[in-house]
Amino acid sequence: MLLIFTDLDGTLLNSDDYGYEAALPVLKQLQTLNIPVIPVTSKTRSEVEVLREKIGLTDAFIVENGSAVFIPISQRNLASPQTQNWGDYDLMQFGFSYTEARQGLKAVAEALNQPLTGFADLTEAEIHQLTGLAPEDVKRAKDREFTEPFITPKNFTSLEIEQTVNQLGFQVVVGDRFSHLIGQEAGKGKAVQWLIQQYHNSQPDAKIITVGLGNSPNDLAMLEVVEIPVIIPGKKCPHPGLENRGWEVASASGCQGWANAVREICNSLNIYLN
């Protein structure tokens, strides 16, 4: 059994226009072969649900930087005593609640003695201006359940922010424009490992091979726990934070690179895609 874990922005989706057209033929063939394609993203459940419907994904997905795994009710065999019912899904939660995330951001701001502006403090128009997201996508990006993105303060180094957050018992993914405050127990690697184990538990006699595709250091934890890690490069080269690891680098950026890499991996495993 092949499991494909994938980041979205800059990986399955182009970084500039969020396009995915080049990946559609491969995605359709994987669906026909019952090969799960599992998003692992910083996006919210609302954002991923819309994308899944557009491109035909039906399997579990991991949101908000590994804060939660959503398993469709139709795949209840992957649930465990730790999961809870969440509408149309069984939920495995690793991170804290959104209320706790907001409280955490306030605590970080006090520790830094610096006002911090989170998504909840921004209007939809302001987020649109900062991110370029379409208005309907802004609403879904604000529909957060486990983490809080905030504007990265420019008068602190990444290390200073990380140390302050860690001392308060949280984690942070520091970015150029936005950073994400997440729970101490959350993480893409942890969530991926847990879901892989659920597949093992549901099919103990099956040989499972895991693939991971990502484009940034935020994907490191995911790439480190799969058997076949693949780096999707930017327009010019791979992210410096992912270089010199001996991992495969896709032949193109974005969805075209994703499609090329997945097709090559499948062929190498004697799973032939058209």
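Use the structure listed above.
If you're wondering where the values come from, they're calculated on a predicted model, not measured in any experiment. (Residues numbered from 1 in each chain as written. Predicted model: local features only at pLDDT ≥ 70, side-chain atom pairs only at ≥ 80, totals over all residues. Heavy atoms only, no water.)

Chemist: Outline the sheet that holds strand β6 (residues 89–93), listing residues and values.
Modeler: Strands sit in the order β3-β4-β6-β5 across an open sheet of four strands; the sheet is antiparallel. Of all strands in the sheet, those bounded by a partner on one side alone are β3 (61–63) and β5 (84–86). Each neighbouring strand pair of the sheet contributes to a mean axis angle of 35°, computed without reference to strand direction. Sheet analysis places strand β4 (residues 68–72) next to β6, joined by five bridges and oriented antiparallel. Across the sheet, residue Phe-70 finds its bridge partner in β6, namely Leu-91. Across the sheet, helix α2 (residues 45–55) touches β3, β4, β5 and β6, and the angle it forms with β3 is around 145°. Its contacts with the sheet put helix α7 (residues 188–202) on β3, β4 and β6, and the angle it makes with β4 is roughly 35°. (Pairing = 2+ DSSP bridges. Helix = DSSP H or I, 4+ residues; strand = E, 2+ residues; numbered from the N terminus. Axes fitted to C-alpha atoms, helices over the stretch in contact; angles between N-to-C directions. Contact = heavy atoms within 4.5 Å.)

Chemist: Run through helix α1 (residues 24–32), naming residues and quoting values.
Modeler: If you check which residues of α1 are buried, you get Val-26, Leu-27, Gln-29 and Leu-30. In an axial view of α1, the angular spread of the buried residues amounts to 165°, which keeps them on one side of the axis. Away from its buried face by more than 90 degrees, α1 exposes Lys-28 and Thr-32. Against β1 (2–6), β2 (37–39), α2 and α9 (254–268) lie the buried residues of α1. Once α1 finishes, Asn-34 follows within two positions and takes phi at roughly 60°, a positive value. (Buried < 20%, exposed > 50% of the residue type's maximum accessible area, 1.4 Å probe, protein only. Arc of directions from axis to C-beta.)

Chemist: Explain the sheet that holds strand β8 (residues 170–173) to me, and be specific about the residues and the numbers.
Modeler: On the basis of which strands lie adjacent, the open sheet formed by three strands has the order β7-β9-β8 and antiparallel pairing. Where the open sheet ends on each side, the last strands, each with one partner, are β7 (148–151) and β8. For this sheet the average axis-to-axis angle between neighbouring strands, irrespective of direction, equals 30°. Pairing geometry for β7 and strand β9 (residues 178–183), over four bridges, is antiparallel. Across the sheet, Glu-148 pairs through a bridge with Leu-181, a residue of β9. Packed on one face of the sheet, helix α3 (residues 98–112) meets β7, β8 and β9 and runs near 30° to β7.

Chemist: Mind laying out the environment of Glu-64, listing which residues take part and the relevant values?
Modeler: As for its position among the elements, Glu-64 is in the loop between β3 and β4. Relative accessible area serves as the criterion here: at 0%, Glu-64 is assigned to the buried category. For the pair Glu-64 and Leu-269, spaced 205 residues apart in sequence, the C-alpha separation works out to 31 Å. Those residues within four positions of Glu-64 in sequence are excluded, and the remaining contacts are Thr-41, Ser-42, Lys-43, Thr-44, Arg-144, Glu-145, Phe-146, Thr-147 and Ile-182.

Chemist: Could you give an account of the packing of helix α4 (residues 124–131) against helix α5 (residues 135–142), with specific residues and numbers?
Modeler: As a packed pair, α4 and α5 sit with axes 9 Å apart at the nearest point and diverge in direction by 105°. The angle between α4 and α5 places the two elements in the roughly perpendicular class. Only Val-138, Lys-139 and Lys-142 of α5 make contact with α4, whose side of the interface consists of Glu-124, Ile-127 and His-128. Looking at the contact of α4 with α5, its residues break down into two nonpolar, one polar and three charged. (Parallel < 35°, antiparallel > 145°, perpendicular 65-115°, else oblique. Nonpolar A, V, L, I, M, F, W, Y, C, P; charged D, E, K, R; others polar.)

Chemist: Could you give an account of the nonpolar core, with specific residues and numbers?
Modeler: Grouped together as the largest cluster of nonpolar side chains are 37 residues, with contacts concentrated most on Ile-4, Leu-27, Leu-30, Phe-70, Leu-213, Trp-258 and Val-262. Going through the elements one at a time, β1, α1, α2, β3, β4, β6, β10 (209–214) and α9 are the ones with two or more residues in this core. For this core, the element with the highest residue contribution is α9, accounting for seven residues. The residues contacting Leu-213, other than those within four sequence positions of it, are Ile-4, Phe-5, Thr-6, Asp-7, Thr-11, Met-222, Leu-223, Val-230, Ile-232, Trp-258, Ala-261 and Val-262. (Core = buried A, V, L, I, M, F, W, Y, C linked by side-chain atoms within 4.5 Å.)

Chemist: Describe the pairing of strand β11 (residues 228–231), listing the residues and the values that go with them.
Modeler: Sheet topology note: the β10/β11 ladder contains four bridges and is parallel. The residue of β11 that forms the bridge with Gly-214 is Ile-231. Looking at chain direction, β11 and strand β12 (residues 248–249) are connected through two bridges and run parallel. Following the sheet pairing, Val-230 is matched in β12 by Glu-248.

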